[in-house]
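What follows is the residue order along each chain.
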Amino acid sequence: VTVDPDICVGNAMCRAIAPDVFVETADGQSEVADQTGATEAAILEAAAYCPVGAILVVDIDTNETLAP
Amino acid sequence: MTSMELPTVRSGPFHPPAELAELRERSAVCPLRFSDGHEGWLVTGYELGRKALMDARFSVSPPRMPVGEVLESDQARPGVVMGLDPPDHTRVRRLQTGYFTLKRAAGLRPGIEEIVAGRLEAMAAEGPPVDLLQVFALPIPSLAICDMLGIPHDERHRFEGPHDAAFDSERSDAERDAAYTEFLGFVREIADRKRTNPGDDLISEVVATGELRDEELPGVVEQLISAGHHTTANMLALSVYFLLAERGRWESLRAAVAADPAAIEPAVEELLRYLTLVQVGAFTRTATEEVELGGAAVGAGQSVLVSLAAANRDPARFPDPDRFDPGRDASGHLSFGYGRHMCLGQHLARLELQVGLLGLLTSFPTLELAVPADDVRQHDGRNLLAGVYGLPVTW
């Protein structure tokens, strides 16, 4: 799970949905603190709810892109 | 430095006030006097604007206007996400976000295409000439939001008229307040109807989650109808006016989409940037503690206005910003705002604009203004939104 800092607008919905995974950076954007901090469902919801599609979720076993 | 009021006189039919660029050249932030006399700040630079809109130390309350009085339509009501801070903002916005994701918007495409096809037929049946605003630009987002919220199509007139009057800066404050009160009556009626007789629609489903407080439901309906039709309607009409005002713009975009329909996507982004619909905003942010912003010491309780129109013409972000270039990468523009309050419906708005414009360019290639371009009456620069009072077209 990664957040693209070139795209992230600091909408912060991801931090509300999965607060242990996504944390706020000094300049108000979001970044990943702990990939295992929430269920896969919650992480996928956070990614889908990002208004700009800044959250990339890749299945490490299959290399399949799950989001955006 | 003495503060000034927000400049609102456009420097050309499609250009923001020239003073904004002059201010930005001196500094990305300067003192600003709000209409209630409050001494705050104006941000005209792109980077600093983004920074301010992302900074959690700013609140969206109190509602404070750069121009005009705080009217009924500007009041913070429960459930209206634009006027809420976390944690209420997060809770209420999250309940609605699933309906507006990129994937969800893609699924709405067939419905939008059907609505647009219906309006193209209505145009052909009625004209020429026709008022493109009433026959095409306004009904498209109105009908789309009716479908999402489960409001019968023939009831759109009950919110369109009063809502339009409430945001018309040429009307008196009393008239505008009366019109918005009428709009809120319709909103409450819809909220009550969905509560007592739920259907298969966004509002009923949000109610069914049980996570909304009773007093918040009308606010949710208010925000969705308000932001869901008036904005895109004005953007669509203004875009067509802009393209037709100089025929070359219309012709070159027509050729581009004929070669590749996907050319409409960057063109819509550039229209959004160039015409910046929310011309006197973003909505005011107020510091909850002292904030250093681009060298300005914003005191606790002091308000900041980020001029989206100025930020979108910042040459540091958009080279040659006053040139309209439908092929440029205009992504990153601030026309949908930024940060927590970034437009919830932006993907739906893009879809409506893309499908709507593409439909016009394809079905009415010879479209032209039915009056001289200068005779089209635009909203004045004090209106919250840029737009036109009507757009007579022929073909």
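Engineer: Before we go on, may I ask you to explain the overall build of chain B in this structure?
Structural biologist: Counting secondary structure elements, chain B contains 14 helices and 10 strands. Computed over the C-alpha atoms, the radius of gyration of chain B is 20 Å, within 12% of the 21 Å expected from 2.2 N^0.38 for a compact globule of 395 residues. Its C-alpha atoms give chain B principal-axis dimensions of about 60 × 55 × 40 Å. Taking all 395 residues of chain B together, 57% fall into the buried category. Put simply, of all contacts in chain B between residues at least 6 apart along the chain, 72% involve residues at least 24 apart.

Engineer: So what exactly am I meant to see when it comes to the overall build of chain A here?
Structural biologist: Per the secondary structure count, chain A includes 2 helices and 5 strands. Reading the secondary structure of chain A in the N-to-C direction produces β-α-β-β-α-β-β. The C-alpha extent of chain A, read off along each of the three principal axes, is 35 × 20 × 15 Å. Scored against the burial criterion, the 68 residues of chain A give a buried share of 44%. Across chain A, every contact between residues at least 6 apart in sequence was considered, and the portion connecting residues at least 24 apart equals 37%.

Engineer: Can you help me understand the interface of chain A and chain B in this one?
Structural biologist: By convention, interface size is frequently given as the accessible area that disappears when the constituent parts associate. Taken together, the contact pairs 19 residues of chain A with 15 residues of chain B. Taking both partners together, chain A and chain B bury about 1400 Å²; carbon and sulfur atoms supply 54% of that area. Per-residue buried area on chain A facing chain B is highest for Val 9, Met 13 and Tyr 49 of chain A; these three make up 35% of the total on that side. One salt bridge connects Arg 94 of chain B with Glu 45 of chain A, and the closest N-O pair in it is separated by 3.5 Å. For the pair chain A and chain B, the interface holds 6 residue pairs in polar contact (both at pLDDT 80 or more). Among the secondary structure elements, those contributing two or more residues to the side of chain A that touches chain B are helix H1 (13-17) and helix H2 (40-49) of chain A. Among the elements that line the side of chain A that touches chain B, the one with the most residues is H1 of chain A, at 4 residues. The residue makeup of the side of chain A that touches chain B, split by class, is 11 nonpolar, 4 polar and 4 charged.

Engineer: Teacher, can you tell me more about the confidence of the model for chain B here?
Structural biologist: Low pLDDT means the predicted coordinates in that region are not meant to be read closely. For chain B, per-residue confidence averages 96 on the pLDDT scale, and residues scoring 70 or more make up 99% of the total. Interface confidence in the predicted complex, given as ipTM, is 0.91; pTM for the same model is 0.96.

Engineer: For this particular structure, what's the right way to read the environment of Gly 37 of chain A?
Structural biologist: All names here are of chain A. Along the polypeptide, Gly 37 turns up in the loop between strand E3 (30-32) and H2. Along the backbone, Gly 37 and Arg 15 are 22 residues apart, and their C-alpha atoms lie at a distance of 11 Å. Aside from chain neighbours lying at most four places away, what touches Gly 37 is Asp 20 and Val 21.

Engineer: What exactly am I supposed to notice about helix H3 (residues 88-97) of chain B here?
Structural biologist: An α-helix turns once every 3.6 residues. As a result, residues three or four positions apart point the same way. With 7 of 10 residues buried, H3 of chain B lies mostly within the body of the structure. Buried within H3 of chain B are the following residues: His 89, Thr 90, Val 92, Arg 93, Leu 95, Gln 96 and Thr 97 of chain B. Against H1 and H2 of chain A together with helix H9 (202-208) and helix H10 (217-245) of chain B lie the buried residues of H3 of chain B.

Engineer: Would you explain the pattern of salt bridges in this entry?
Structural biologist: Residue and element names in this part refer to chain B. Counted by the stated rule, this structure contains 32 salt bridges over all chains. With its nearest N and O atoms 3.1 Å apart, the salt bridge here joins Asp 88 to Arg 91. Linking Asp 88 with Arg 91, this pair stays in helix H3, spanning 3 residues, or about one helical turn. Look at Asp 88 and you get partly exposed, because its relative accessible area is 26%. One network of salt bridges, with partners in common, ties together Asp 88, Arg 91, Arg 213 and Glu 216.

Engineer: How do you make sense of the packing of aromatic side chains when you look at a structure like this?
Structural biologist: To describe a pair of aromatic rings, one takes the distance between the centres and the angle between the planes. Residues and elements named next belong to chain B. Here the structure, examined in full by the defined rule, presents 10 aromatic pairs over all chains. With a centroid separation of 4.9 Å and 80° between ring planes, the pair formed by Phe 14 and Phe 242 is classed as edge-to-face. One end of the pair, Phe 14, is in the segment before helix H1 (18-26); the other, Phe 242, is in helix H10, and 228 residues separate them in sequence. Phe 242 gets classed as buried once you look at its relative accessible area, which sits at 0%. On the numbers, 5.3 Å between centres and 40° between planes, the contact of Phe 242 with Tyr 274 is tilted. Pair noted here: Phe 242 is in helix H10 and Tyr 274 is in helix H12 (residues 264-275), with a separation of 32 residues, a long-range link. For the pair Phe 242 and Tyr 274, one class covers both residues: buried. Three or more aromatic residues link up through ring pairs in this structure, and these residues are Phe 14, Tyr 241, Phe 242, Tyr 274 and Phe 324. Directly above the ring of Phe 318 sits Arg 273, whose terminal nitrogen or CZ lies 5.2 Å from the centroid.

Engineer: Can you help me understand the sheet that holds strand E5 (residues 285-287) of chain B in this one?
Structural biologist: Residues and elements named next belong to chain B. Taken in spatial order, the 5 strands make up an open sheet running E1-E2-E8-E5-E3, and their pairing is mixed. Each edge of the open sheet is held by one strand with a lone partner, namely strand E1 (29-33) and strand E3 (58-59). As defined by bridge partners, strand E2 (residues 39-43) adjoins strand E8 (residues 303-306) across 3 bridges and the pair is classed as parallel. Note on E8: the bridge partner recorded for Leu 42 is Leu 305. Against the sheet, helix H2 (residues 46-54) contacts E1, E2, E3, E5 and E8, and its axis sits at roughly 130° relative to E8.

Engineer: Explain the sheet that holds strand E5 (residues 65-67) of chain A to me, please; I cannot follow it from the model alone.
Structural biologist: All names here are of chain A. Pairing within the open sheet is antiparallel, and its 3 strands lie in the order E1-E4-E5. In this open sheet, the two strands that pair with only one neighbour each are strand E1 (2-3) and E5. Strand direction decides the pairing type here: E1 and strand E4 (residues 55-58), joined by 2 bridges, are antiparallel. Considered in E4, the bridge of Val 3 is made with Ile 55. Each of E4 and E5 touches H2; the most contacted strand, E4, lies at about 145° to it.

The rules behind the values
Residues numbered from 1 in each chain as written. Chains lettered and ligands numbered in written order. Predicted model: local features only at pLDDT ≥ 70, side-chain atom pairs only at ≥ 80, totals over all residues. Heavy atoms only, no water. Helix = DSSP H or I, 4+ residues; strand = E, 2+ residues; numbered from the N terminus. Rg over C-alpha atoms; globule rule 2.2 N^0.38 Å. Buried < 20%, exposed > 50% of the residue type's maximum accessible area, 1.4 Å probe, protein only. Contact = heavy atoms within 4.5 Å. Buried area = accessible area lost by both parts, 1.4 Å probe. Salt bridge = Lys/Arg side-chain N within 4 Å of Asp/Glu carboxyl O. Polar contact = N/O pair within 3.5 Å; in protein donor to acceptor, adjacent residues only side chain to side chain. Nonpolar A, V, L, I, M, F, W, Y, C, P; charged D, E, K, R; others polar. pLDDT = per-residue confidence, 0-100. Phe/Tyr/Trp six-rings, centres within 6.5 Å; stacked < 30°, edge-to-face > 60°. Lys NZ or Arg CZ within 6 Å of the ring centre and 35° of its normal. Pairing = 2+ DSSP bridges. Axes fitted to C-alpha atoms, helices over the stretch in contact; angles between N-to-C directions.

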